Amino acid sequence: MKIKSMYIDQFGGYEKTRMNLSPGFSLFYGHNESGKTTLRQFFQQALFGFPKKASKTDTLYPPFNGGKPSGTMHIITASDKEYQIQRQDQKVSVLFPDQTLSNKEIDHSLWNGIDKETFRQVFCMDVKDWNGLSLLNKEEMQNRFLSASFGVRSLSYALNQLQKKYKEILIPHGRTQLLNTLHKELKEVKKKIRDREQMSAEYIQWNDEVESLNHSIQEIQKDIETLQKEYEQRALWNDMKNDWASYQTKSKEIEKFPLLFNSVEFPQSKLEKAKEWENEIQILTESQEKINKERSTLQQQQESISIPSSILNLASSIRQLIEQKKQYAQAIEDFPIIRFEKRNKKEQIRQLLAKIDPQW
């Protein structure tokens, strides 16, 4: 991974600062308190995030002019793909090579899975770390970098812990006797497995018996349905037989009675009324047929009437003339009244003038 460029919006004493790094080795130097450590911390925090609070490994760099730290970094991976990481306090925005934008933390696989602590101990060491390296021999220095790469405090510490666990597990009379405990647990697990296998075999046997019983139940159910149908048929035949016998008996009893219906007579008045109603219905039916014929004739006459198109075009003018004719007739009707009123007014004016001056 290479850092192509970065823009520090505000971080510690830096503000509106842009840096474009050339390919190859880049060296930052300056006097004490000139901002080298601040710049190194920006590298780390731009990649892994600005911390919420200070700790032994994280230092807060609030902007001198107030606000929240923010900035942007462009990195190029080993596969020559460019990513843009933009941070504003706890918010992150990552622009991928395909120009898609994400608000999730970037995957550390872009820098070979190196976590924050390994990056700090190997690639972002401070003055104390460099001074400590001068006191280490070659083997101790290798252990330090290997420990950082594995994420442990020190390789010697990890080896001591591994040796301690080795003694506890493999020594026959070890203090914890872990192997004996594991052996007992293994026996118990094997016994449980055998019990489960036996139960499984019994379950399979029971399941086969249940299936056999279900099959027998289905066969018995079919037999019951067949018997039920036969029973219903026999009951139906029995009912039919009883009904037929009852019918024969009733028929014979009816034959013994004299013929009554031939002697039944309706009153004469009722018959005459029925005939009158029948005649009225006949008259009404004929009248309806006549009206239908007349209506059909009128419809044919109406359909045969044709008005010339020239008259239809003058329909609005004709309606206007009819309206004017009505107005003229009304004016003629009102003319005598108006003339009479005119004479009265004229006489009134003459009388008024005579009162004012008889000579007028």
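Everything numeric in this text was worked out from a predicted model, so none of it was measured. Numbers given to residues run from 1 along each chain, matching the order in which its sequence is written. Local features in this predicted model are restricted to residues whose pLDDT is 70 or higher, and side-chain atom pairs enter the listing and the counts only when it is 80 or higher, whereas totals over whole chains, interfaces and linings include all residues. Side-chain numbers here rest on the full set of heavy atoms in the structure, without hydrogens or water.

## What to know about the confidence of the model for the chain
The pLDDT value tells you how sure the predictor is about a given residue, anywhere from 0 up to 100. Per-chain confidence: the chain averages 77 in pLDDT, with 76% of residues scoring 70 or above. Only DSSP runs of H or I reaching four residues or more are called helices, and only runs of E reaching two or more are called strands; each is numbered from the N terminus. By mean pLDDT, the top-scoring element of the chain is strand E3 (residues 70–76) (93), and the lowest-scoring one is helix H4 (residues 138–150) (58). When checking whether two residues touch, look at their non-hydrogen atoms; a contact exists if any pair is within 4.5 Å. In the model, residues 260–266 has pLDDT below 50 throughout and makes 1 contact with residues more than four positions away in sequence or in other chains.

## Quick notes on the environment of threonine 100
Topologically, threonine 100 is positioned in the loop between strand E5 (91–95) and strand E6 (101–102). Think of it in three bands: residues with accessible area under 20% of the maximum for their type are buried, residues over 50% are exposed, and the middle band is partly exposed, with areas taken using a 1.4 Å probe on protein chains only. Residue classification places threonine 100 among the partly exposed residues on the basis of a relative accessible area of 38%.

## Quick look at a nonpolar patch on the surface
Exposure above 30% relative accessible area and the absence of a salt bridge qualify a residue for a patch, where like charges join within 9 Å and nonpolar side chains (Val, Leu, Ile, Met, Phe, Trp, Tyr) within 5 Å. All accessible areas in this document rest on Shrake-Rupley with a 1.4 Å probe, and a residue is counted as covered only by the protein chains that are shown. In what follows, salt bridge is the name for a side-chain nitrogen of Lys or Arg lying within 4 Å of a carboxyl oxygen of Asp or Glu. The grouping of Phe25, Leu27 and Tyr29 at the surface amounts to a nonpolar patch, some 490 Å² of accessible area in total. Mapped onto the elements of the fold, tyrosine 29 is located in the loop between strand E2 (14–20) and helix H1 (36–48). Take tyrosine 29: its relative accessible area is 72%, and that puts it in the exposed class.

## A word on the pattern of salt bridges
Applying the stated criterion across every chain yields a total of 4 salt bridges. A salt bridge links lysine 191 to aspartate 195; the nearest nitrogen and oxygen atoms lie 3.4 Å apart. Of this pair, lysine 191 and aspartate 195 are both found in helix H6 (residues 178–256), 4 residues apart, which corresponds to roughly one turn of the helix. For lysine 191, a relative accessible area of 47% gives the class partly exposed.

## Let's talk about the side chain of threonine 38
By the secondary structure assignment, threonine 38 is in helix H1. For threonine 38, a relative accessible area of 14% corresponds to the buried category. Contact partners of threonine 38, with chain neighbours within four places excluded, come to Phe11, Gly12, Tyr14 and Tyr61.

## A closer look at the environment of valine 94
Counting through the fold element by element, valine 94 comes out in strand E5. Look at valine 94 and you get buried, because its relative accessible area is 0%. For the pair formed by valine 94 and isoleucine 106, sequence separation is 12 residues and the distance between their alpha carbons is 6.9 Å. Excluding its chain neighbours within four sequence positions, the residues that come into contact with valine 94 are Gln84, Thr100, Leu101, Ser102, Lys104 and Ile106.

## Regarding the nonpolar core
Remark: nonpolar core denotes a set of buried residues (Ala, Val, Leu, Ile, Met, Phe, Trp, Tyr, Cys) joined through side-chain atoms within 4.5 Å. Membership of the largest hydrophobic core comes to 24 residues, with the highest contact counts inside it found for Phe42, Leu47, Met73 and Trp111. When residues of this core are traced back to their parent elements, those giving at least two are strand E1 (2–11), E2, H1, E3, strand E4 (82–88) and E5. Here this core takes 6 residues from H1, the largest share from any one element. Not counting the four nearest positions on each side in its chain, phenylalanine 42 is found in contact with Met6, Tyr7, Ile8, Phe11, Phe50, Ser70, Gly71, Thr72 and Met73.

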